[in-house]
Amino acid sequence: MRRTPFSPDFWRSPVRGPWFTSVLGLVLLGGVTVLFVTGLLSYAAYNPDLSPVNDKTPDKGILGFYLFSWPTHPHWLYRLTQGVHVTLGVVLIPVLLAKLWSVVPRLFALPPARSLAHALERISLLLLVGGGLFEFTTGVLNVQLDYVFPGSFYPLHFYGAWVFFAAFLAHAVLKTPAAVRGVRQLRSERGELTSPRPAEPTVSRRGALGLVGGGSLVLFATTAGQTSDGLRWTALLAPHGGGEPAAGPGGFQINKTAARAGIRAAETREDAWRLVLTGRAGTVRLARAELLRLPLHSAALPIACVEGWSTSDQWWRGVRLRDLAALVGHDDPADVLVESLQRHGAFRRAALRANQVADPRSLLALFVNGEELTPDHGHPARIIVPAAPGVLNTKWVAGMTFGDL
Ligand SMILES: Nc1nc2c(c(=O)[nH]1)N[C@H]1C(S)=C(S)[C@@H](COP(=O)(O)O)O[C@H]1N2
Ligand SMILES: [Mo]
């Protein structure tokens, strides 16, 4: 009889067995849990309840049960949570693939369902494997190709995460006891995961695990540098890595250049540009020279992007958001909708919460590192808020509307 994937002795690697699968499973148990938690935090950090601008998942229903006002302390909070989310996600790829490889014979197990319980278990595995591959793929695509599917990455990755994690949780409850037993039996030969007719080993189980770990280490070494100025050149796998931005005060990572955002020099010139503030006391229009006569303050804050890259702290100088709110009648903290000169693109406007407006380090920045903002960093004025995702730090600001959002 010809052997097909459906016959158990088709699968002959002697590496497969409870020990190999258990070790990888326990690594994923910890790793995926951290990914899920940092992912939920990343979602909360966007202020997704500030509709309609920030809310890309209006049908989230009870999945938004946990949302809270994202804090402004410590100022590196999002840099940390998102750096961990993206770096860990990349590093776990070899572990995920090895884990799937180690259990692939069971995908072909016959009969497909021995009982109703078994059928339900297999359906949950479909969600687990499908959900896992989906989350890792969409995550990597987003990080690598900066938004190949504009607008839709957000809900896909968000809803996918809940499906994946629900299946993951069920799987963890069912399998963790066996996995804990499994890591203690390196030499065990029997079991559902072991080949009934193993081929000659070309690598030991420990060696195979070392290969997986080595792969993760290489990914770490070529990714993590994107979270740090000075090490960016090591981040060969990160889209913004492999080099350092040019030197000088504006010499730090740029997400989208003024040219790509369609910002024309004519509209940012001193005589043309006005900041339009709107609030309960009416509308105020300010030229840049008038802004410069308001009290200016400084704050050392990073840019931390959802894609996982971040800069070290930069020295920003500008007008406090809460002072601008007060100019239009909001002495108490209020939410704000910020709009840029940009006419197209997902990030041309963003909403901030009252607690972010109230923080004395939240600025409409006019200077960075002692000089005027460069065009690419948002000249004539940009938002900078402590601990917030980069996407909320709107560049080329044209208008701000204060009030409940
Ligand atoms: N108007 C506008 N503001 C924007 C963006 C944009 O595309 N347009 N990109 C945002 C994103 S996603 C990030 S990470 C930061 C990057 O700021 P930087 O280019 O100064 O580093 O700007 C934010 N502000
Ligand atoms: Mo970003």
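Keep in mind it's a predicted model, so treat the numbers as computed, not measured.

Student: Any chance you could explain the environment of G241 here in plain terms?
Tutor: For G241, the location among the structural elements is in the loop between α6 (205-221) and α7 (265-268). Using a relative accessible area of 22% as the deciding quantity, one classes G241 as partly exposed. Leaving out residues up to four positions away in the same chain, G241 has contacts with R232 and A235.

Student: How do you make sense of the pairing of strand β2 (residues 282-286) when you look at a structure like this?
Tutor: Within a regular strand, side chains alternate between the sheet's two faces. Where strand β1 (residues 275-279) and β2 come together, five bridges link them in antiparallel fashion. Counterpart to V276 in the pairing with β2 is R285. Turn length for the β1-β2 hairpin, with the two strands adjacent in sequence and antiparallel, is two residues.

Student: Before we go on, may I ask you to explain helix α3 (residues 93-107) in this structure?
Tutor: Side chains that are three or four residues apart share a direction in an α-helix, a result of its 3.6 residues per turn. The terminal C-alpha atoms of α3, which comprises 15 residues, lie 20 Å apart, in line with the 21 Å expected from a rise of 1.5 Å per residue. Bending of α3 peaks at approximately 35 degrees at the position of W101, with proline P105 no more than four residues after it. Along α3, the positions that sit buried rather than exposed are P94, V95, L96, A98, K99, S102 and P105. In this structure, the buried residues of α3 make contact with α1 (18-45), α2 (77-91), α4 (116-144), α5 (153-182) and α6.

Student: Help me understand the domain arrangement of the protein chain, please; the structure alone is not making it clear to me.
Tutor: Where interface size is quoted, it is often the accessible area lost as the parts come together. Taken domain by domain, the protein chain holds domain 1 (8-234) and domain 2 (265-402). For domain 1 versus domain 2, the distance between C-alpha centres works out to 37 Å. Contact with domain 1, which involves 31 residues of that partner, is made by 32 residues of domain 2. Between domain 1 and domain 2, a total of about 2,700 Å² is buried, with carbon and sulfur atoms accounting for 52% of that surface. Three residues, T72, H75 and R79, lead the burial of domain 1 against domain 2; their summed loss comes to 24% of the area buried on that side. One can count zero salt bridges joining domain 1 with domain 2. The interface formed by domain 1 and domain 2 contains 18 residue pairs in polar contact (both at pLDDT 80 or more). Of all the secondary structure elements, the ones that give two or more residues to the side of domain 1 that touches domain 2 are α1, α2 and α4. With six residues, α2 is the largest single contributor of residues to the side of domain 1 that touches domain 2. Counted by class, the side of domain 1 that touches domain 2 contains 13 nonpolar, 13 polar and five charged residues.

Student: What am I meant to see in the sheet that holds strand β6 (residues 349-352) here?
Tutor: Note on sheets: strands pair through backbone hydrogen bonds, and any given pair is parallel or antiparallel. Here we have five strands laid out as an open sheet, ordered β2-β1-β10-β5-β6, and mixed in their pairing. At either margin of the open sheet sits one strand with a lone partner, and together these are β2 and β6. The mean inter-strand angle of the sheet, taken between neighbouring strand axes irrespective of direction, is 15 degrees.

Student: Any chance you could explain the pattern of salt bridges here in plain terms?
Tutor: Note on pairing: side chains with opposite charge can pair once their charged atoms come close. This model, assessed by the stated rule, comprises ten salt bridges. Linking R232 and D229 is a salt bridge whose minimum nitrogen-to-oxygen distance equals 2.3 Å. What makes R232 buried here is its relative accessible area of 1%. Look at D229 and you get partly exposed, because its relative accessible area is 28%. A salt bridge links E267 to R343, with the nearest nitrogen and oxygen atoms 3.2 Å apart. Residue E267 is found in helix α7, and its partner R343 is found in the loop between β5 (336-340) and β6; the two are separated by 76 residues along the sequence. Given a relative accessible area of 16%, E267 falls into the buried group. Accessibility expressed as a relative area gives 36% for R343, which makes it partly exposed. Three or more residues are tied together by salt bridges with common partners; here these are D49, D55 and K60.

Cut-off values and rules
Residues numbered from 1 in each chain as written. Chains lettered and ligands numbered in written order. Predicted model: local features only at pLDDT ≥ 70, side-chain atom pairs only at ≥ 80, totals over all residues. Heavy atoms only, no water. Helix = DSSP H or I, 4+ residues; strand = E, 2+ residues; numbered from the N terminus. Buried < 20%, exposed > 50% of the residue type's maximum accessible area, 1.4 Å probe, protein only. Contact = heavy atoms within 4.5 Å. Pairing = 2+ DSSP bridges. Expected span 1.5 Å × (residues − 1). Bend = angle between axes of the 7 residues up to and from the residue. Domains from an automatic or database assignment. Buried area = accessible area lost by both parts, 1.4 Å probe. Salt bridge = Lys/Arg side-chain N within 4 Å of Asp/Glu carboxyl O. Polar contact = N/O pair within 3.5 Å; in protein donor to acceptor, adjacent residues only side chain to side chain. Nonpolar A, V, L, I, M, F, W, Y, C, P; charged D, E, K, R; others polar. Axes fitted to C-alpha atoms, helices over the stretch in contact; angles between N-to-C directions.

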